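# Notes for the structure review
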Amino acid sequence: MLALLCGGQGTLSDKILDLVSENPVAEPIFMAATACLGEDPREFVRTRGTDELSANRVSQILTVTSALAIHACIADLLTGPTVVTGYSVGEMAAWSVAGIWTADEALRLTAIRARLMDSVPGPDGRLGYVRGLERPTLETLLAKHSCEIAIRNPDLLYVVGGTERDVINLCHEASTQRAARAGLLAVKIASHTSRLAPACEPLQQALAASTFAPVADRKILLAGDGGERIFSVPDAMARLASQVAREIGWAATLEALAEQGVDRVLDLGPGHALAEMMQGAAPSIRCYAADGFRSVEGLRNWIASG
């Protein structure tokens, strides 16, 4: 069984849409993204610098656009049971892939999500990462530097959030305490920490007021914050909204994918981090990232090959 993973915010480049930019099947996705950005996303990524691409609202919209555009180019081949999940804002794309929202609705709601997160007052937030420290050691540093765990990944890889200065100080001290690696991420907001609690209720209201459908037949949708299967969309909306202000257990989500009997994984991106994490967590599962293919035809051939 195939699993589709929708990636979260990260470092975006001017090439994230190249694979599908000329494919007419993806055109409706680009049109929906244009309505959110005010400019065609393909032109946007080519003409903006790193700072503009990493701005929270832009980054979230482009991240979801990328995953949905790639999915549009392979959707007709997904005739068997398919598991779908998403990492952070990637869960907005995953719900669309699972048939709950149209691409237009998913992108509209993603823009609302980003706006509500940006509207929370306080010092500039930031995400960083720490790899290789045991959790008790990391928790001591979190308390000292007023930061929180945002995402738990496999292999002692933690995403941490707080004010930018606090995250910088935590990462610096983690490096002196034998962390394998530590540093800042491109995400300039403290996603999945309690700092963003004021955004949860209005986001839940926006999700509840959206136009949605049940999970599509032959789709198995797993929550990105632990891997529980989603059966009732209205019940899951409160959980989806609350995720912006609480820790995500992505390592548990990967375990749940393996338990579903998945034998192939496609990381819709952007990037290939999720494919690499899945490969590390479950070496027997074949894992590929869409951005590793040179053409849509090559990607479609891989999907069709079973």
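Preceding this section is the structure that the text describes.
Cut-offs used in this document
Residues numbered from 1 in each chain as written. Predicted model: local features only at pLDDT ≥ 70, side-chain atom pairs only at ≥ 80, totals over all residues. Heavy atoms only, no water. Helix = DSSP H or I, 4+ residues; strand = E, 2+ residues; numbered from the N terminus. Buried < 20%, exposed > 50% of the residue type's maximum accessible area, 1.4 Å probe, protein only. Lys, Arg positive; Asp, Glu negative; His and termini not counted. Salt bridge = Lys/Arg side-chain N within 4 Å of Asp/Glu carboxyl O. Polar contact = N/O pair within 3.5 Å; in protein donor to acceptor, adjacent residues only side chain to side chain. Contact = heavy atoms within 4.5 Å. Axes fitted to C-alpha atoms, helices over the stretch in contact; angles between N-to-C directions. Left-handed = near helix turned anticlockwise from the far one by under 90°. Nonpolar A, V, L, I, M, F, W, Y, C, P; charged D, E, K, R; others polar. Pairing = 2+ DSSP bridges.

### Comments concerning the side chain of Arg264
Take Arg264: it is sitting in strand S9 (residues 264–269). No salt bridge is formed by the buried Arg264. Its closest oppositely charged neighbour is Asp263, at 4.7 Å. One polar contact links the side chain of Arg264 to the main-chain carbonyl oxygen of Ile303, over a distance of 3.3 Å. Residues contacting Arg264, with those up to four places away along its chain left out, are Met1, Leu2, Ala3, Ile285, Arg286, Trp302, Ile303, Ser305 and Gly306.

### A few points about the packing of helix H7 (residues 135–145) against helix H8 (residues 164–176)
H8 packs onto H7 with a crossing angle of 145 degrees between their chain directions and a minimal axis gap of 10 Å. For the pair H7 and H8, the crossing hand works out as right-handed. Along the contact surface, H7 presents Leu138, Leu141, Leu142, Lys144 and His145, while H8 presents Asp166, Asn169, Leu170, Glu173 and Ala174. Counted by class, the contact of H7 with H8 contains five nonpolar, two polar and three charged residues.

### Examining the sheet that holds strand S4 (residues 148–153)
The strand order S6-S3-S5-S4-S8 describes an open sheet built from five strands, whose pairing is mixed. Looking at the sheet topology across the chains shown, the edges are occupied by strand S6 (181–184) and strand S8 (248–249). The pairing of S4 with S8 spans two bridges and is classified as parallel. In the strand pairing of S8, Arg152 is matched with Gly249. Against the sheet, H8 makes contact with strand S3 (125–131), strand S5 (157–163) and S6, and its axis sits at roughly 140 degrees relative to S5, the strand it touches most.

### Side note on unusual backbone geometry
The omega angle of the peptide bond from Gly269 to Pro270 is 10 degrees, so this bond is cis rather than trans. Counting through the fold element by element, Pro270 comes out in the loop between S9 and helix H12 (273–281). Of note, Ser146 is a non-glycine position whose phi angle comes to about 55 degrees, a positive value. Along the chain, Ser146 falls in the loop between H7 and S4. Phi is positive for Arg218, which is not a glycine, with a value near 70 degrees. The class of Arg218 is partly exposed, set by a relative accessible area of 49%.

Geometric values such as these leave the question of function open.
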